[in-house]
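Letter by letter, the chains look like this.
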Amino acid sequence: VDESERDRLIEEAANAQQAKRDAQWAREAEARATLMAQVKASREEQIAQKQRNKVLKKQQAMNELAQMKEEMGRIEGVEKQHEAALRAERLQNRLDIQAQIRYKEEKQEYRKHMKIQEGIAAKAAEADYQNMINQAFQQSEPRQYFPRKSTQWFT
């Protein structure tokens, strides 16, 4: 009985030892499963965060592209306005220069015309004066000529 009792005690101790090992293995398996679940959840959260960051970066890039396009359109509009202003200024300068040239030409023509008119007026005045002199000459009595009598002193 002793031996059977001892075998039984050994068996019970072995069973208790095995139960302890089984419990330890179960705890370790549960811990591994929990850790793996945590790692999986963490990895899925990292992947989701990475995907959100990727979408956010893509959206930011699209916004930046839209802003750049808008800015380029605005810059092109400003450049077109500037070019139009330059063209208008050049045209105005050209028109001003042409007006100045026309004014100088007209002034020169006016001076020529005035010289011609002065010449005509001077000729007319000279002709009137000559007519007046001729009329005065014709209306005046003929000049009488009274020469000195010559004497012959020594003959």
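This text follows the structure it describes.
Residues numbered from 1 in each chain as written. Predicted model: local features only at pLDDT ≥ 70, side-chain atom pairs only at ≥ 80, totals over all residues. Heavy atoms only, no water.

A. Layout of the overall build of the protein chain. Looking only at helices and strands, the protein chain has one helix and zero strands in total. Relative to a compact globule of 155 residues, whose C-alpha radius of gyration would be 15 Å, the protein chain shows 66 Å and is clearly more extended. A principal-axis box enclosing the C-alpha atoms of the protein chain has dimensions of 230 × 35 × 10 Å. The burial tally for the protein chain puts 0% of its 155 residues in the buried class. (Helix = DSSP H or I, 4+ residues; strand = E, 2+ residues; numbered from the N terminus. Rg over C-alpha atoms; globule rule 2.2 N^0.38 Å. Buried < 20%, exposed > 50% of the residue type's maximum accessible area, 1.4 Å probe, protein only.)

B. Summary view of the pattern of salt bridges. Applying the stated rule across the entire model yields four salt bridges. A salt bridge links R52 to E45, with the nearest nitrogen and oxygen atoms 3.0 Å apart. Residue R52 is classed as partly exposed on the basis of its relative accessible area, which comes to 43%. With its nearest N and O atoms 2.5 Å apart, the salt bridge here joins R74 to E71. With R74 and E71 both in helix 1 (residues 2-139) and three residues apart, this pair spans about one turn of that helix. R74 sits in the partly exposed class, given a relative accessible area of 48%. Assessed through its relative accessible area of 34%, E71 is described here as partly exposed. Salt bridges sharing partners connect three or more residues here, namely E5, R8 and E12. (Salt bridge = Lys/Arg side-chain N within 4 Å of Asp/Glu carboxyl O.)

C. Inspection of a positive patch on the surface at higher detail. Taken together, the side chains of R43, K50, K54 and K58 define a basic patch exposed on the protein surface. For K58, the location among the structural elements is in helix 1. Owing to a relative accessible area of 57%, K58 belongs among the exposed residues under this scheme. (Patch = residues over 30% accessible without salt bridge, like charges linked within 9 Å, V, L, I, M, F, W, Y side chains within 5 Å. Areas by Shrake-Rupley, 256 points an atom, 1.4 Å probe, with all protein chains shown as cover. Lys, Arg positive; Asp, Glu negative; His and termini not counted. Charge placed at Lys NZ, Arg CZ, Asp CG, Glu CD.)

D. Broad picture of a negative patch on the surface. On the surface, D2, E3, D7 and E11 cluster together to form a negatively charged patch. Topologically, D2 is positioned in helix 1. A residue is classified by how much of its surface remains accessible, and D2, at 68% relative accessible area, is exposed.

Don't take any of this as a statement about function, it's just geometry.
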